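What follows is each chain in one-letter form.
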Amino acid sequence: MTDPLFEYLCRMGDNTLVLSHRVSEWCGVAPVLEEDIALANTALDLIGQTQLWLGLAGEIEGKGRDADTLAFRRDVWDFRNVLLAEQPNGDFGQTMMRQYLFDAWHLLQLKALKGSSNAQISAIAEKAVKEVTYHVERSGDTVIGLGDGTEESHQRMQKALDRLWPYVGELFVSDAVDQALSAKGIAPEPTSLREEYDTAVNAVLAEATLTRPDSDFAHQGGKTGVRHTEHLGHMLTEMQWLQRAYPDATW
Amino acid sequence: MYAQMIKSTGEGVKSLEDMDPDERAFQERINAGGKIEPKDWMPDGYRKTLIRQIGQHAHSEIVGQLPEGNWITRAPTLERKAILLAKVQDEAGHGLYLYCAAETLGVSRDQLTRDLLSGKMKYSSIFNYPTLTWADMGAVGWLVDGAAIMNQVPLQRTSYGPYARAMVRICKEESFHQRQGYDIMMKMAQGTEAQRKMAQDALNRFWYPSLMMFGPSDAESVHSAQSMAWKIKVNTNDELRQKFVDQTVPQAHYLGLTVPDDDLKFNEETGHWDFSQPDWNEFFDVLKGNGPCNVERLEARNKAWDDGRWVREGLLAHAAKKKATHLAAE
Ligand SMILES: [Fe+2]
Ligand SMILES: [Fe+2]
Ligand SMILES: [Fe+2]
């Protein structure tokens, strides 16, 4: 098995890489100017976090791969992001619902990582937690505003929630990598975050007048890399084209 | 420039003696280097011309997001991606300040947006050109932001206070953009053969459209004379274009790139570069809507606005509900 620490850092970095890519797809075409600016902010924070997580991953691996090499020269099966992050943007409601469902988990994850026994990880978490505290406030407010807005916005948000809910469970699935790291106090057991997540999400959904889907069925295969969705390949086709077309260039 | 072909009203500049007392006081204030603020008296023509000029500038910032946004998802490194995204975000911010400045003149952002989307108001011709390779991100920053700065630095001293103050903020950011663009070009020009080819190709395609940004010669235009008397235009288009060429040619040479103009020559007598005019027929075609990307740019903006309607309505409805609950609680 590959080093669990490397695996874990790729999971963190690929989540932020893939999600930042999706968010940046909104550039210039958001519903209002203020949202263009806010979405760019989120994407920028996530790119910065990607540089830190994948940078550290490359360092731990010790094979001379830096953050850019990891981001732009791996294929789909080497990506370790959760399936939620690679889901297409859909309408603005789906984008913000995806963001909120992710942010709410991301914040808990980073708060736990601040206490990591690994000093480099806790330093990254310390920085990222400030940014993500703001992300979740904003995405949560938007989910509430649109859920409890007009009839149309309510319906669209419910549809987005129903569409994305099956991708929430994967955030809390524990596997050998998680167990190895939690045993060393490096990262939390994913299952340990679920209760607090549910409390926070239930409160926001209630205020948004949205109904949480009954089924807790969870699609899986992203964080292990075993089975991504078809969407990731298309994303990488775009994201990695330049680096692969001109492999000997530096930019 | 970002505001091109702005027709100010009037048949020529009036002399102080021909003005009524309000107008005369207004013009004397401008002549003395004073600022006009939103609540001050101003001639109708001044207000209308400024709305057109600031509005067009704001629209240019907004539409200008599209050609660069085109490369964010294909940026070559994480750092370049972040720099480009931050730049495009700055442009959105510039649009926002400028719409705010226009609003002080009594027009709403929604009205200006509708006029952009219907094609009634224009944006800079430059954003109707496509960005085809990564080198275009360098060329746009270097040349397009570079040309924008040429025009906007003098506008920091423009007579209308809110516009002048918006320009001060914007200019600082634009010079970052230009340096970042030049840095991309430098990396490409010093890179592999393919990269050098991309850099040269980008310069070839963006050189003349950048010169067009300043608009056709307006040295003899009465409209321009009026705008200059009002200090909402500080230099003629030709002066700015010459300044831009003088600044840019040595930079191109430093990159080892060739400016696509066989008649480009340093004139020892004038101390300036002599250069060829762009094809003004092409410029007027672009203004009429026949540039390579006019249709797509307006389609993209219209789609964003239409697709976003339910979001704007939803958020407004929610804000109204919250306000009602607060009032009920009081
Ligand atoms: Fe700008
Ligand atoms: Fe600009
Ligand atoms: Fe700029």
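First, a word on what this report is: a plain description of the structure on this page. It should be emphasised that the depicted structure is a prediction, and the values quoted were computed from it without experimental measurement.

### Focus on the overall build of chain B
Reasoning step 1: The number of helices and strands found in chain B is 13 helices and two strands.
Reasoning step 2: The globule rule puts the C-alpha radius of gyration for 330 residues at 20 Å, and the 21 Å found for chain B is close to it.
Reasoning step 3: Projecting the C-alpha coordinates of chain B onto the three principal axes gives extents of approximately 70 × 60 × 35 Å.
Reasoning step 4: Each of the 330 residues in chain B was classed as buried or not, and the buried ones make up 55%.
Reasoning step 5: The contacts in chain B between residues at least 6 apart in sequence include a share of 79% that link residues at least 24 apart.
Reasoning step 6: In the structure as shown, chain B presents an accessible area of about 14,400 Å², 53% of it carried by carbon and sulfur atoms.
Reasoning step 7: Of note, chain B has its 40 positive side-chain charges centred 7 Å away from the centre of its 45 negative side-chain charges.

### Structural notes on a positive patch on the surface
Reasoning step 1: Taken together, K35(B), R157(B), K231(B) and K243(B) make up a surface patch of like positive charges.
Reasoning step 2: Its place among the elements puts R157(B) in the loop between α6 (135–155) and α7 (161–189).

### A few points about the coordination of the iron ion (ligand 3)
All names here are of chain B.
Reasoning step 1: Bound to the iron ion (ligand 3) on the protein side are E91 (OE), D145 (OD), E174 (OE) and H177 (ND1), at distances that span 1.9 to 2.2 Å.
Reasoning step 2: One can describe the site at the iron ion (ligand 3) as irregular: its four donor atoms subtend angles covering 89 to 148° at the metal.
Reasoning step 3: Donor residues for the iron ion (ligand 3) sit on one chain with the sequence pattern E-x53-D-x28-E-x2-H.
Reasoning step 4: Taken as a pair, the iron ion (ligand 3) and the iron ion (ligand 1) show a spacing of 3.6 Å, with E91 coordinating each metal. Of this pair, E174 and H177 are both found in helix α7, three residues apart, which corresponds to roughly one turn of the helix. The exposure classification of E174 matches that of H177, with both residues buried.

### Focus on the interface of chain A and chain B
Reasoning step 1: Across the contact, 48 residues belong to chain A and 47 residues belong to chain B.
Reasoning step 2: When chain A packs against chain B, the two sides together hide about 4,000 Å² of surface, and 70% of this comes from carbon and sulfur.
Reasoning step 3: Among the residues chain A hides against chain B, the three largest losses belong to C27(A), L33(A) and W251(A). Together they make up 18% of the total.
Reasoning step 4: Applying the counting rule to chain A against chain B returns two salt bridges.
Reasoning step 5: Note that K321(B) and D148(A) form a salt bridge whose closest N and O atoms lie 3.0 Å from each other.
Reasoning step 6: With eleven residues, the single largest contributor to the side of chain A that touches chain B is helix α2 (residues 33–61) of chain A.
Reasoning step 7: Residues that form the side of chain A that touches chain B fall into these classes: 25 nonpolar, 13 polar and ten charged.

### Topic: helix α2 (residues 44–63) of chain B
Reasoning step 1: Taking 1.5 Å of rise per residue, the 20 residues of α2(B) would be expected to cover 28 Å, and the 28 Å separating its terminal C-alpha atoms lies within 8% of that figure.
Reasoning step 2: Of all 20 residues that make up α2(B), 16 are buried, and the element is covered over most of its length.

### Structural notes on the pattern of salt bridges
Reasoning step 1: According to the stated counting rule, one finds 33 salt bridges over all chains in the structure shown.
Reasoning step 2: Notably, a salt bridge pairs R29(B) with D40(B), separated by 2.5 Å at the nearest N-O pair. You can see R29(B) sitting in helix α1 (residues 21–31) and its partner D40(B) sitting in the loop between α1 and α2, a full eleven residues away along the chain.
Reasoning step 3: We classify D40(B) as partly exposed; its relative accessible area is 22%.
Reasoning step 4: Through salt bridges with shared partners, a single network forms among R11(A), D175(A), D178(A) and K223(A).

### What to know about the side chain of T133(B)
Residues and elements named next belong to chain B.
Reasoning step 1: In this structure, T133 sits in the loop between α5 (109–117) and α6.
Reasoning step 2: A distance of 3.2 Å separates a polar atom in the side chain of T133 from the backbone nitrogen of A135.
Reasoning step 3: Excluding anything up to four places from it in sequence, T133 contacts W71, M198 and R205.

### Considerations on the coordination of the iron ion (ligand 1)
Residue and element names in this part refer to chain B.
Reasoning step 1: Bound to the iron ion (ligand 1) are the protein donor atoms E61 (OE), E61 (OE), E91 (OE), H94 (ND1) and E174 (OE), situated 1.9 to 2.8 Å from the metal.
Reasoning step 2: Separating the iron ion (ligand 1) and the iron ion (ligand 2) is a distance of 2.7 Å, and E174 donates to both of them. Pair noted here: H94 is in helix α4 (residues 78–103) and E174 is in helix α7, with a separation of 80 residues, a long-range link.

### Describing unusual backbone geometry
Reasoning step 1: The phi dihedral of T209(A) falls on the positive side, at around 55°, and the residue is not glycine.
Reasoning step 2: Within the fold, T209(A) resides in the loop between α9 (194–207) and α10 (230–239).
Reasoning step 3: Given the relative accessible area of 40%, T209(A) is considered partly exposed.
Reasoning step 4: Phi at K231(B) takes a positive value of approximately 55°, unusual for a residue other than glycine.
Reasoning step 5: Tracing the chain through its elements places K231(B) in the loop between α9 (222–229) and α10 (237–255).
Reasoning step 6: Taking relative accessible area as the criterion, K231(B) reaches 30% and is therefore assigned partly exposed.

### Description of the nonpolar core
Reasoning step 1: Counting 140 residues, the largest nonpolar core has M97(A), L101(A), L110(A), L113(A), Y197(A) and W134(B) as its most contacted members.
Reasoning step 2: Among the elements that make up this core, the one with the highest residue count is helix α5 (residues 92–114) of chain A (twelve residues).
Reasoning step 3: Listed in part, the 30 residues of the second largest apolar core include M42(B), I62(B), L105(B) and M121(B).

Cut-offs and rules
Residues numbered from 1 in each chain as written. Chains lettered and ligands numbered in written order. Predicted model: local features only at pLDDT ≥ 70, side-chain atom pairs only at ≥ 80, totals over all residues. Heavy atoms only, no water. Helix = DSSP H or I, 4+ residues; strand = E, 2+ residues; numbered from the N terminus. Rg over C-alpha atoms; globule rule 2.2 N^0.38 Å. Buried < 20%, exposed > 50% of the residue type's maximum accessible area, 1.4 Å probe, protein only. Contact = heavy atoms within 4.5 Å. Areas by Shrake-Rupley, 256 points an atom, 1.4 Å probe, with all protein chains shown as cover. Lys, Arg positive; Asp, Glu negative; His and termini not counted. Charge placed at Lys NZ, Arg CZ, Asp CG, Glu CD. Patch = residues over 30% accessible without salt bridge, like charges linked within 9 Å, V, L, I, M, F, W, Y side chains within 5 Å. Salt bridge = Lys/Arg side-chain N within 4 Å of Asp/Glu carboxyl O. Donors = N, O, S within 2.8 Å, 3.2 Å for Na, K, Ca; no water. Tetrahedral: all angles 85-135°; square planar, octahedral: opposite > 155°, others 65-115°. Buried area = accessible area lost by both parts, 1.4 Å probe. Nonpolar A, V, L, I, M, F, W, Y, C, P; charged D, E, K, R; others polar. Expected span 1.5 Å × (residues − 1). Polar contact = N/O pair within 3.5 Å; in protein donor to acceptor, adjacent residues only side chain to side chain. Core = buried A, V, L, I, M, F, W, Y, C linked by side-chain atoms within 4.5 Å.

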